Amino acid sequence: MLQDALAGAGYPDRVLVACSGGPDSLALAAVAAYFARRGHVDGHPVSIGAVVVDHQLQPGSAGVAATTARTLEDLGLSPVQIRTVDVASTGVGPEAAARDARHAALEAAADEAGAGAILLGHTLDDQAEQVLLGLARGSGTRSLAGMRPSRGRLMRPFLGLRRADTLEICRVEGLEPWHDPSNTDPVYARSRTRVEVLPLLEDKLGPGVAESLARTAAILQLDADYLEDVANDTFDRLRQQTGDEISLPETELRDLAPAVRFRVIAKAAAAVGGQQPSYQRLLAAEALLRRQGSAGPVELPGAVSVYRLSLAQLLAVEPTAAGVPREAARCGKLVFRPQQPPRN
């Protein structure tokens, strides 16, 4: 799997393994070390180092990081570095904040090392959990598509392996992985999914549930990619920008398939500095297309307002500063505007 992943990435000559010391990433490090000792993949030269990220979220985390680093050095990975990060308290939740801090540290380490790939140890079980959590949140196609085998420099060559396989690799290699207590802490939804929900589904529905969920993610990735490409092309074609504002002609928006229309509205919000709107907020913004006359604003996350300008109001617009009238409007439009910060 790792060999195929590196081949698909064009055989980068410098690779980093992200390792927490847990069974999944430690097994990945052991497999990567095989190629590091050989010095090549399919005849292409390669050197493989490792990064251990210490999130400082648990007592003794520095000791775990140091022990993991020594194990990685014993495997033959070089260089091995420890990155200590501060996990910010934000509204995205502790797991997402830790992930953001970790990815930032990994990307910085890769930049310094000139690495073309960062290997992550996520497994098929992780993918199944991701899909279940997305279903529980009522998420859309993008979220249900789960984790990508590769995105930029991040690569997940073990997405086809079960967690039991990584434990077996550690056993065969004589490695003693660290087991993160948060992985079984019921305070986290992912931990409850791992310890309670997936085993219950396997028990009640029969074996193969995790594989089916991972297969669903792989199928949805294809659908999500296609819709994303269509939405990007459509947004680029329809967008009209004036200063900080972006507008979309309502006639063309109405003619779009709903799956594309909602994505285009979300892209317009993002283009003026907004965040990904919830489905409810997208529905509220899209409903402006069915209003008579000018309407709104609808507030979207990230301090963005969207409102409808009617055709009559657009036709009443004054000439431009140069004294040349604007091109005659043919329909109303949705306007996306960043909210002005309050004045002191």
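Please refer to the structure placed before this passage.
Residues numbered from 1 in each chain as written. Predicted model: local features only at pLDDT ≥ 70, side-chain atom pairs only at ≥ 80, totals over all residues. Heavy atoms only, no water.

## Topic: the pairing of strand β1 (residues 14-18)
The buried count for β1 comes to five of five residues, which makes it a mostly enclosed element. Side chains Arg14, Leu16 and Ala18 project from β1 onto one buried face, and the interleaved Val15 and Val17 project onto a second face that is buried too. For β1 and strand β4 (residues 47-54), the ladder comprises five bridges, and the chain directions are parallel. Bridge pairing links Leu16 to Gly49 in β4. Note that β1 and strand β6 (residues 117-119) share three bridges and pair parallel. The residue of β6 that forms the bridge with Val15 is Ala117. (Buried < 20%, exposed > 50% of the residue type's maximum accessible area, 1.4 Å probe, protein only. Helix = DSSP H or I, 4+ residues; strand = E, 2+ residues; numbered from the N terminus. Pairing = 2+ DSSP bridges.)

## Re the side chain of Arg308
When you line up the elements, Arg308 lands in strand β12 (residues 304-309). Overall, the relative accessible area of 7% leaves Arg308 in the buried class. Polar side-chain contacts of Arg308 include one of 3.4 Å to the backbone oxygen of Arg291. Residue contacts for Arg308: discarding those within four places in its chain leaves Glu250, Arg254, Leu288, Arg291, Gln292, Gly293, Ser294, Ala295, Lys333 and Leu334. (Polar contact = N/O pair within 3.5 Å; in protein donor to acceptor, adjacent residues only side chain to side chain. Contact = heavy atoms within 4.5 Å.)

## Topic: the sheet that holds strand β5 (residues 80-84)
The strands making up a sheet associate through backbone hydrogen bonding, with each pair oriented either parallel or antiparallel. Ordered in space as β5-β4-β1-β6-β8-β7, the six strands form an open sheet in which the pairing is mixed. Edge positions in the open sheet fall to β5 and β7 (150-151), since each of these has one partner strand only. Looking at chain direction, β4 and β5 are connected through five bridges and run parallel. Paired with Val53 across the strands is Arg83, a residue of β5. Sheet contacts for helix α3 (residues 61-75): β4 and β5; angle to β4, the most-contacted strand, approximately 170 degrees. (Axes fitted to C-alpha atoms, helices over the stretch in contact; angles between N-to-C directions.)

## Here's the deal with the sheet that holds strand β13 (residues 333-338)
Strand order in the open sheet formed by five strands is β9-β10-β13-β12-β11, and the pairing between neighbours is antiparallel. Two strands close off the open sheet at either side, each with one partner strand: β9 (240-242) and β11 (295-300). Each adjacent strand pair in this sheet contributes to an overall mean axis angle of 25 degrees, direction not counted. Pairing of β9 with strand β10 (residues 245-249), which is carried by three bridges, proceeds in the antiparallel orientation. Paired with Gln240 across the bridge in β10 is Ser247. Against the sheet, helix α12 (residues 279-287) contacts β11, β12 and β13, and its axis sits at roughly 160 degrees relative to β11.

## Things to note about helix α7 (residues 163-172)
Those residues of α7 that fall on the buried side of the exposure criterion are Arg163, Thr166 and Cys170. Angularly, the buried residues of α7 cover 60 degrees about the axis, an arc narrow enough to put them on a single face. For α7, exposure combined with an orientation more than 90 degrees from the buried face picks out Ala164, Arg171 and Val172. Against α2 (23-38), α5 (124-137) and α8 (189-205) lie the buried residues of α7. (Arc of directions from axis to C-beta.)

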